[in-house]
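Survey of secondary and tertiary structure
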Amino acid sequence: MKASDERKKYLIGLAKNYLLITVGCFVLAAGAAIFITPNSLVTGGLSSIAIIVQYFINKSGSTFMAVDLVNWALQLLFLGISFIFLGKHYTIRTVYSSLVYPLFFSLFYRLPLAGGMSIGNYVYSNMYAGGFDYAILLLAGIFGGALVGTGVATSYAGGGTTGGLDVLSVIIAKHTPVKEGFSSFLMDGSLVLAGLFIMKDINRGLIGILSAATCGLLIQIVYVRGSSFIIADVITEKPDEIRKYVETEMDRTTTIIAAKGGYTQQDKPIVRVAFSRREAQPFKSFIARTDPHAFVTLTTASMINGEGFVPLVDKNHRKRKKSAKTEEKGRN
């Protein structure tokens, strides 16, 4: 393949990724600004922090609209935190969506339509034209969660991230045994409980939980599709560059396997690495830049146990230990 063809292929792939991230941010912003925010549903993430702030502003008697401004401030704050603790490589992946998402959100949240209302307020006012109804609120929560989940999954498919609290999850996973999914669940769950406690509306709180569950389900359906882990085998002439990238940028380790080509009979190393699904696209993009002639095989894994992943646990250890103590007690 000519260098010009390789460059063209790389640029097409890059454009496709940014298109997916842009579409994902658009759908995510639509779900959050049209259904979640106007209904004050706390479902987790930065938008929930902004909704809680807006609740206190409204309670004080002010009509100032602050949700998108709080979103902007928090996104920029976490971009700075990402650069300090995760480095420029991760931050570059995050910066585009961290700017495009709040931009789309502000448009849905503030851009006036006919009658001078924003898109979010226009939909909200028409939803409750006949009066407030929790059944309508439930539908808003489900549709909002579905749009948010689809948007997040589409952004992941393009190799991007949604920024925000995801940055904290990655930092926690990097420096502690706690994995991203669990820490993200704890943070989102804490926000949902905080919203339930502050707003003192159990029905709205339960609908917020259902909306968050719908979001997670759509991420599973659209992006994860039953597996969260990838095992990659790379046959390459540049194993050292790939190994260095995996160790320094992905904070993973590699296994170098000696192999011989069946047709060429040439010795070529295989670099094997395991990582989460969301790391797959950046990894493939790096391989494309570093060694376009590499042969890459990606295999999904339902579970990976060991250092850096789910710890190995002997589920029968406690049972055996308890049984041994019982037998010892019986002998005594």
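All of these numbers come straight from a predicted model, not from anything done at the bench.

Below, the discussion takes up the overall build of the chain. Counting secondary structure elements, the chain contains 11 helices and four strands. The 332 residues of the chain split such that 42% are buried. Sequence separation of 24 or more characterises 74% of the internal contacts of the chain that already satisfy a separation of 6 or more.

Now for the sheet that holds strand E4 (residues 295-301). Spatial strand order, E2-E3-E1-E4: four strands in an open sheet with antiparallel pairing. The sheet is open, and its two borders are formed by strand E2 (255-260) and E4, each paired with just one other strand. Averaged over all pairs of adjacent strands, the angle between their axes in this sheet comes to 25°, without regard to strand direction. As judged from the six bridges shared by E2 and strand E3 (residues 267-276), these two strands associate in the antiparallel manner. Each bridged residue has a counterpart across the sheet, and for Lys260 the counterpart in E3 is Asp267.

Turning next to the nonpolar core. Counting 50 residues, the largest nonpolar core has Tyr101, Phe105 and Phe108 as the members making the most contacts within it. Elements that contribute at least two residues to this core include exactly helix H1 (3-36), helix H2 (46-59), helix H3 (67-110), helix H4 (119-127), helix H5 (134-157), helix H6 (165-175), helix H7 (180-199) and helix H8 (202-224). The biggest single contributor to this core is H3, with 12 residues. Ignoring anything within four residues of it in the chain, the contact list for Phe105 reads Ala29, Ala32, Ala33, Thr37, Ser47, Val67, Asp68 and Asn71. Core analysis: the second largest hydrophobic core is formed by 15 residues, Ala232, Val234, Phe275 and Ala280 among them.

Here Ala140 is to be found in helix H5. Measuring from C-alpha to C-alpha, the distance between Ala140 and Ile207 comes to 9.1 Å, with 67 residues separating the pair along the chain. Setting aside its immediate chain neighbours within four residues, Ala140 contacts Phe35, Asn39 and Met127.

The phi dihedral of Ser40 is positive, around 55°, even though this residue is not glycine. Here Ser40 shows up in the loop between H1 and H2. A positive phi angle, close to 60°, is found at Gln265, a residue other than glycine. By secondary structure assignment, the location of Gln265 is in the loop between E2 and E3. On the accessibility criterion, Gln265 (49% relative accessible area) is partly exposed.

With that settled, consider the confidence of the model for the chain. Across the chain, the average pLDDT comes to 86, with 88% of residues at 70 or higher. Across the chain, the element-wise mean pLDDT spans from 57 in helix H11 (residues 317-331) up to 95 in H2.

What counts as what
Residue numbers restart at each chain and count upward from 1, following the sequence in its written direction. A pLDDT threshold of at least 70 governs which residues receive local features in this predicted model, and a stricter bar of 80 or more applies before side-chain atom pairs are shown or counted, although totals over entire chains, interfaces and linings include all residues. Here the side-chain values reflect all heavy atoms present in the structure, with hydrogen atoms and water set aside. Helical segments are the DSSP runs of H or I of at least four residues, strand segments are the runs of E of at least two, and each set is numbered from the N terminus. Any residue under 20% of the maximum accessible area for its type is buried, any over 50% is exposed, and the rest in between are partly exposed; the area is computed with a 1.4 Å probe on protein chains only. Should any heavy atoms of two residues lie within 4.5 Å, those residues are counted as being in contact. Here, any two strands with at least 2 DSSP bridges between them count as paired. A fitted line through C-alpha atoms serves as each axis, taken over the contacting stretch for helices, and the angle formed by two N-to-C directions is quoted from 0 to 180°. The criterion is simple. A nonpolar core is a set of buried Ala, Val, Leu, Ile, Met, Phe, Trp, Tyr and Cys residues joined through side-chain atoms within 4.5 Å. Confidence of the predictor at the level of single residues is given by pLDDT, which spans 0 to 100.

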